[in-house]
Amino acid sequence: MEGCKRRVCSWWKTSSSSTRVLGFILPLMVVSGLVVLVSSKSSNWLFASNYYPWAWSSVLPVASSSSGVYGSFENNSSVLIKGVAPPPDDGGSGLELRRRVVGGGERQEAISVDYNLHRLAAPPLAVEVGEAEPPVEKRKEDFILTTNFSNVPPPSNDTRLLPLNSRINRRFSNLQILEATLQQARAAIRDAQRGNPAYDPDYIPTGPIYWSPSAFHRSYLEMEKHFEVFVYEEGEQPIFHNGPCGSIYSMEGNFIYKLETSKFRTRDPERAHVYFLPFSVTSIVHFIYDRRVDDHWRPMKQTVKDYVDLVAGKYPYWNRSLGSDHVMLSCHDWGPELSKSLPELFKNSIRALCNANTSEGFRPSKDVSIPEINLPGGRTNGLIGGPSPSKRPILVFFAGGLHGPIRPILLEHWENKDPDVQVHRYLPKDVSYSAMMRKSRFCICPSGYEVASPRMVEALYTGCVPVLIKDHYVPPFSDVLNWKSFSVEISVADIPNLKKILTGISTRQYIRMQRRGVAVRRHFEVNLPPKRYDVFHMTLHSIWLRRLNIRLHGVEDS
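This section reports on the structure supplied with the text. (Residues numbered from 1 in each chain as written. Predicted model: local features only at pLDDT ≥ 70, side-chain atom pairs only at ≥ 80, totals over all residues. Heavy atoms only, no water.)

1. Looking at the overall build of the protein
Here comes step 1: Across its full length, the protein holds 16 helices and twelve strands.
Here comes step 2: When burial is assessed residue by residue, the protein has 50% of its 558 residues classed as buried.
Here comes step 3: Looking at the protein alone, contacts between residues at least 24 apart form 72% of all its contacts between residues at least 6 apart.
Here comes step 4: Accessible surface, the protein: about 27,000 Å² in total, of which carbon and sulfur atoms supply 54%. (Helix = DSSP H or I, 4+ residues; strand = E, 2+ residues; numbered from the N terminus. Buried < 20%, exposed > 50% of the residue type's maximum accessible area, 1.4 Å probe, protein only. Contact = heavy atoms within 4.5 Å. Areas by Shrake-Rupley, 256 points an atom, 1.4 Å probe, with all protein chains shown as cover.)

Quick look at the structure:
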């Protein structure tokens, strides 16, 4: 031991100052490396193991591979889209709606080879760049740390003490601040799921009509607290900033008008979480469609494309996210087709559609299913309400024309065949349609030429239990609502067994379903001005959920 000490002392005296410093620093570097290795294995990062970003596992109803009322979803999660990476292949957890918008690397399938990015405002985040950060603007609330090495002398052979007040230089952009707010909202939703309910003086969701009442409630409150939507002001009526409010397409006009006058609208695009494209597909069809033209789709699609080109050239936000934080809404049957005007709009953007048909490209992980509501006078006066279950003598009712492939099968088997099964092509003039619904326990809601139908909401309005006969359909707000708790689903193949299936439902179970339908009705009511939890706010909430489940490129959780 003494010999070892003497050798070390002699080496220390004979070595130069630089060698002595090196001998002192090397052990410190080894120890530091060991500390980093150990700490990396025991990370407390919230989103470890690629968990992102949704807390409850029942956001979407689980569907089998066979085509049912909810459609077939098994291929949706495997589609690669431009700017969006596919969710991990982890079985059922793929229903947690995990999406990540990326800016670097190759662009996937969404865009054709000859498609040109919009040129004017700002370079897109996904064009042959490895890592593109959003633009940095000076804001008072930005957190700034400076680094100052001006007092550090140049290195020499002499040992010197370095200043210990060096700091990290970092400025957070508006986009990063927005993403941090969304991260806080996700954490609050997960906290509510763990048994920490939130107080609400108006309404607290409970019961089996919701997949996760506590998560939905907290998410709704977080939406009210944080969510901001920027509505592009470009465009003129009647095609833009306008829409029908008194027909089966009333959701278009009602949503556009209410959003533009709501507290969720922001005039500052830097504060917005999503960007709304305020065109009405119904107005485009009404004013631009010409059946005499061979390619009647072209002028309508060109209108949509020109509008997106306009806002993409004037603002940086479309190119920044490749359209993933932009929203369009349509209740017209041609809405899905016109969304194909741009590959990015169809593949990336949030599409709120009444015609939510998975066989036509509707993707529940990013698109929103909204209800089709028929408002003949623009109001719900006289449409809502009905007698108790004991005062409904008719088992099941339907009246409608031969539209699409399902209704002919229904009429063939049941038209004028059974007094308990009131199925008609057209009602006599002295018989009221709404009165028949109020007398019936179950109301059949089959698809027509398209999957959407106002009958589902009409049934809920009158207290009649909906019977859904649809293929590839995603019911409205099914990210939150458990439709199986207040409706009956019947496949097309089971139409001959319609009466047997409905009479097999016990009176007790029917009363439960009917009462749940009355309770869930508040989420489908149209109010002016809007009321909390009504159809306007539920539509916004579904859009809010989709925004929670995308993360813009370059923004990491810390």
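Back to the text.
2. Observations regarding the pattern of salt bridges
Here comes step 1: Applying the stated rule across the entire model yields 21 salt bridges.
Here comes step 2: The salt bridge partner of Glu-233 is Arg-267, with a shortest N-O separation of 2.9 Å. Pair noted here: Glu-233 is in the loop between β3 (229-231) and α5 (250-260) and Arg-267 is in the loop between α5 and β4 (274-276), with a separation of 34 residues, a long-range link.
Here comes step 3: On the basis of relative accessibility, which here comes to 48%, the residue Glu-233 falls in the partly exposed class.
Here comes step 4: In this structure Arg-267 comes out as exposed when scored by relative accessible area, which is 56%.
Here comes step 5: Here the residues in one salt-bridge network are Asp-200, Asp-202, Glu-224 and Arg-532, joined through shared partners. (Salt bridge = Lys/Arg side-chain N within 4 Å of Asp/Glu carboxyl O.)

3. A few points about the packing of helix α3 (residues 174-193) against helix α16 (residues 535-548)
Here comes step 1: Where α3 contacts α16, the axes come no closer than 10 Å and their chain directions differ by 110°. Between α3 and α16, the interaxial angle falls into the category roughly perpendicular. On the side of α3, the interface is formed by Glu-179, Leu-182, Ala-185, Arg-186 and Ile-189, while α16 contributes Trp-544, Arg-547 and Leu-548. (Axes fitted to C-alpha atoms, helices over the stretch in contact; angles between N-to-C directions. Parallel < 35°, antiparallel > 145°, perpendicular 65-115°, else oblique.)

4. A short note on the packing of aromatic side chains
Here comes step 1: With the rule as written, the count across this model stands at 23 aromatic pairs.
Here comes step 2: A centroid spacing of 5.4 Å and a plane angle of 55° characterise the contact between Phe-442 and Tyr-510, whose relative ring orientation is tilted. Remark: Tyr-510 occurs in helix α15 (residues 507-520) and Phe-442 occurs in strand β10 (residues 440-446); sequence separation between them is 68 residues.
Here comes step 3: With a relative accessible area of 2%, Phe-442 lands in the buried category.
Here comes step 4: Members of the aromatic cluster, joined through ring pairs, are Tyr-203, Tyr-210, Phe-216, Tyr-220 and Tyr-533.
Here comes step 5: Positioned over the ring face of Tyr-203 is Arg-522, at 4.0 Å from the centre of the ring. (Phe/Tyr/Trp six-rings, centres within 6.5 Å; stacked < 30°, edge-to-face > 60°. Lys NZ or Arg CZ within 6 Å of the ring centre and 35° of its normal.)

5. A look at the pairing of strand β6 (residues 350-353)
Here comes step 1: Of the two faces of β6, both are covered, the one formed by Ile-350 and Ala-352 as well as the one formed by Arg-351 and Leu-353.
Here comes step 2: In this sheet, strand β7 (residues 368-369) lies alongside β6 in parallel orientation, the contact comprising two bridges. Each residue of the ladder has a partner; that of Ala-352, found in β7, is Val-368. (Pairing = 2+ DSSP bridges.)

6. What to know about the pairing of strand β8 (residues 394-399)
Here comes step 1: Across the six residues of β8, six count as buried, placing the element largely inside the fold.
Here comes step 2: In this structure, β8 lies alongside β10, joined through three bridges in parallel fashion. Its bridge partner lying in β10, Phe-397 is registered against Cys-443.
Here comes step 3: Looking at chain direction, β8 and strand β9 (residues 421-424) are connected through four bridges and run parallel. Counterpart to Ala-399 in the pairing with β9 is His-424.
Here comes step 4: For the segment spanning β8, helix α11 (residues 406-414) and β9, crossover handedness is right-handed. (Right-handed = clockwise from strand over helix to strand, strands pointing away.)

7. Structural notes on the sheet that holds β6
Here comes step 1: Spatially, β3-β4-β5-β6-β7 is the arrangement adopted by the five strands of the open sheet, whose pairing is parallel. This sheet does not close on itself; its edge strands, each paired only once, are β3 and β7.
Here comes step 2: On the sheet, α5 packs against β3, β4 and β5 (326-330) and is oriented at approximately 140° with respect to β5.

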